[in-house]
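# Structural overview for review
Residues per chain, in single letters:
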Amino acid sequence: MESILVLTHTDETGTALSKGSLEVITAGKMLAGSLGTTLTIGIVAADAGAAAGTVAAAGARLLAVGGEAFVQARFASDAAACEALCRAVSATIVLAPAGSRFARVAAAVAYRLGGFIDTHITSISAGDSVKASRCFYRQRIEAVITRDARPWFLLLDAGTHAAFSGASAAVNVERIPVDLPVLRTTVLGLRAPAQGAQTIRPDAQLLFVAGAGWTKKQPDGQVHSVEAGELILGFLRNTSASLGSSKSLVDQGGEGQPVLPFLTHMNQVGQTGSTPRHHKGLSTCCHGEEPHVVGWRFIGERRAISLDPNCGWTRGKADVVYVADAFKVIEKVNAILEGAKI
Ligand SMILES: Cc1cc2nc3c(=O)[nH]c(=O)nc-3n(C[C@H](O)[C@H](O)[C@H](O)COP(=O)(O)OP(=O)(O)OC[C@H]3O[C@@H](n4cnc5c(N)ncnc54)[C@H](O)[C@@H]3O)c2cc1C
C-alpha cells in the first residue's frame, strides 16, 4: 500500500500554510481517496500549531518539524526537515508545491532517499497505477508518467489544484526531530528586485516588449538608458500595458551593461521566458529572433518598431512593422496619449 506524504510549509506570516501547500493538500486528498489509503501532511514551520489546525478537515495524519531554523527558506535546514518527514512515515509518494522553497530541495531529498522525482506536475490520478501528467516543449506535448521507483517525488505546479479549505479545529500534531547539519547560511532577510511599478499585467489588452536596442548606442553615439526607462514607464502608465522584455535586455545586468532597473527575468518573453496571452503586442527595439518570437504564439495582433528594415519582425513575424526610431515614436505616442487624457 502506498504511503502518501504531502510536504507543506508556512507562508511569510509563519502561521498559515502557503497557497501552494494548500493546493497540494487538495491533490494529496484526491490521490489518497482514490487509492484508499491514508494521507499524511508534513509541515515545515517555526511553530506548526496554528497552521496545522487549519487543515484539520483534511482528516490527515499531521507531522511537523519546528524551530527557529525553519522560519525562512534555506537549503540545508529545509532539506533536512523534508528528509526527516519522509523517513518518519516511510513515504512512497511525496507531493510538494513547486514554489521556490521546496523546488530547490526536493531533488536532493529524493536523492538522499534513493527515490525519483518528476517536476512541473499538473495532475495526478490513480487506477491500476499512479499516473502523473506534465507538459513538455512549452505546453505543446502532455505526457502521462508512471513509475515503479519509490519513493516517488512529485512537484506540483502552482494553480493546478484548488487550495484546500475547511473548518479549523484542534489537532494532534506529531513532532518530528531533525538532525540539522552545520548551517553555513544565515538568512538576513528578503530583498525584492527594485521595481518602480508592477509591470507584469497578465490581464492587460496590450503587451509592450522592450528589446536590447533601448540601451544600445543610438545614432548620436550615446546610450540613453535613463530616457529609455522614462519613455517605457510613461507608455505603461498611459496604456496599462504589460511589460515584456527580450532575453538580451534582461541579461545585460549580469554583464555590467546599462539596465532598465524595473525589468527582471520575470519580464522575459520567449523560448526560455514566458508565453503570455494578450490581445495585441507592440515590440520595440527588439530584433524579433525566433527564440523570442516563439513566446508571442498566443498574441493576437503583432506590431514592431525597429530601426532595422531586415529584422525578424519584417520577415513575416509581425502584422505591422514601423521602421523607425522607437525613442521618437514612443515619445510622440506618449505625448498623444497624455494629451488625450486632458
Ligand atoms: C537557447 C536560446 C534561448 C533563447 N531564449 C530567448 C527568450 O526566451 N527570449 C528572448 O527574447 N530571447 C531568447 N534568446 C535570445 C534571442 O535569440 C536573441 O538573442 C534576443 O531575443 C535578442 O534580443 P533583442 O532583439 O532585444 O536584442 P538585439 O538582437 O541586440 O536587437 C536590438 C534591436 O534593437 C534595434 N534598435 C536599436 N535602437 C533602436 C531604436 N532607437 N529604435 C528602434 N529599434 C532600435 C536594433 O536595430 C536591433 O534590431 C534565446 C537564445 C537561445 C540560443
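Scroll up to find the structure.
Residues numbered from 1 in each chain as written. Predicted model: local features only at pLDDT ≥ 70, side-chain atom pairs only at ≥ 80, totals over all residues. Heavy atoms only, no water.

Attention now goes to the sheet that holds strand 14 (residues 320-323). Reading across the sheet, the 5 strands line up as 11-10-12-13-14 and stay open at both edges, with parallel pairing between neighbours. Unpaired on one side and paired on the other, strand 11 (242-245) and strand 14 mark the two borders of the sheet. Neighbour to neighbour, the strand axes of the sheet diverge by 20° on average, direction disregarded. Here 5 bridges tie strand 10 (residues 206-210) to strand 12 (residues 280-284), and the two strands are oriented parallel to one another. In the sheet register, F208 faces strand 12, and the bridge partner there is L282. Lying over the sheet, helix 6 (residues 225-239) contacts strand 10, strand 11 and strand 12, oriented at roughly 175° with respect to strand 10. (Pairing = 2+ DSSP bridges. Helix = DSSP H or I, 4+ residues; strand = E, 2+ residues; numbered from the N terminus. Axes fitted to C-alpha atoms, helices over the stretch in contact; angles between N-to-C directions. Contact = heavy atoms within 4.5 Å.)

Taken together, 28 residues surround the ligand, and among them A212, Q218, S246, T272 and H287 come closest. Note that an oxygen atom of the ligand is positioned 3.3 Å from one of the side-chain N or O atoms of K216. In this structure, an oxygen atom belonging to the ligand sits 2.6 Å away from a main-chain N or O atom of H287. For the ligand, the protein covers 77% of the area, taking 990 Å² as the surface of the free molecule. Of all the secondary structure elements, the ones that give two or more residues to the shell around the ligand are helix 7 (247-251), helix 8 (290-293), strand 13 (301-306) and helix 9 (326-341). Taken together, the residues of the shell around the ligand sort by class into 10 nonpolar, 13 polar and 5 charged. (Near = heavy atom within 4 Å. Polar contact = N/O pair within 3.5 Å; in protein donor to acceptor, adjacent residues only side chain to side chain. Areas by Shrake-Rupley, 256 points an atom, 1.4 Å probe, with all protein chains shown as cover. Nonpolar A, V, L, I, M, F, W, Y, C, P; charged D, E, K, R; others polar.)

In this section: helix 1 (residues 19-35). With 17 residues, helix 1 extends 25 Å between its outermost C-alpha atoms, agreeing within 8% with the 24 Å of an ideal straight helix rising 1.5 Å per residue. Restricting attention to buried positions, one finds in helix 1 the residues S21, L22, E23, V24, I25, T26, A27, G28, L31 and A32. Buried residues along helix 1 sit in contact with strand 1 (4-9), strand 2 (39-44), strand 4 (93-97), strand 5 (116-126), strand 6 (130-136) and strand 8 (152-156). Positive phi shows up at G36, right after helix 1, with a value of about 65°. (Expected span 1.5 Å × (residues − 1). Buried < 20%, exposed > 50% of the residue type's maximum accessible area, 1.4 Å probe, protein only.)

If you trace the 9 strands from one edge of the open sheet to the other, you get 7-6-5-8-4-1-2-3-9, paired in mixed fashion. What marks the edges here is a single partner per strand, and that holds for strand 7 (141-145) and strand 9 (173-175). Taking each pair of neighbouring strands and ignoring which way they run, the sheet shows an average axis angle of 35°. As judged from the 4 bridges shared by strand 5 and strand 8, these two strands associate in the parallel manner. Bridge pairing in strand 8 places F116 opposite W152.

These figures capture arrangement, not role.
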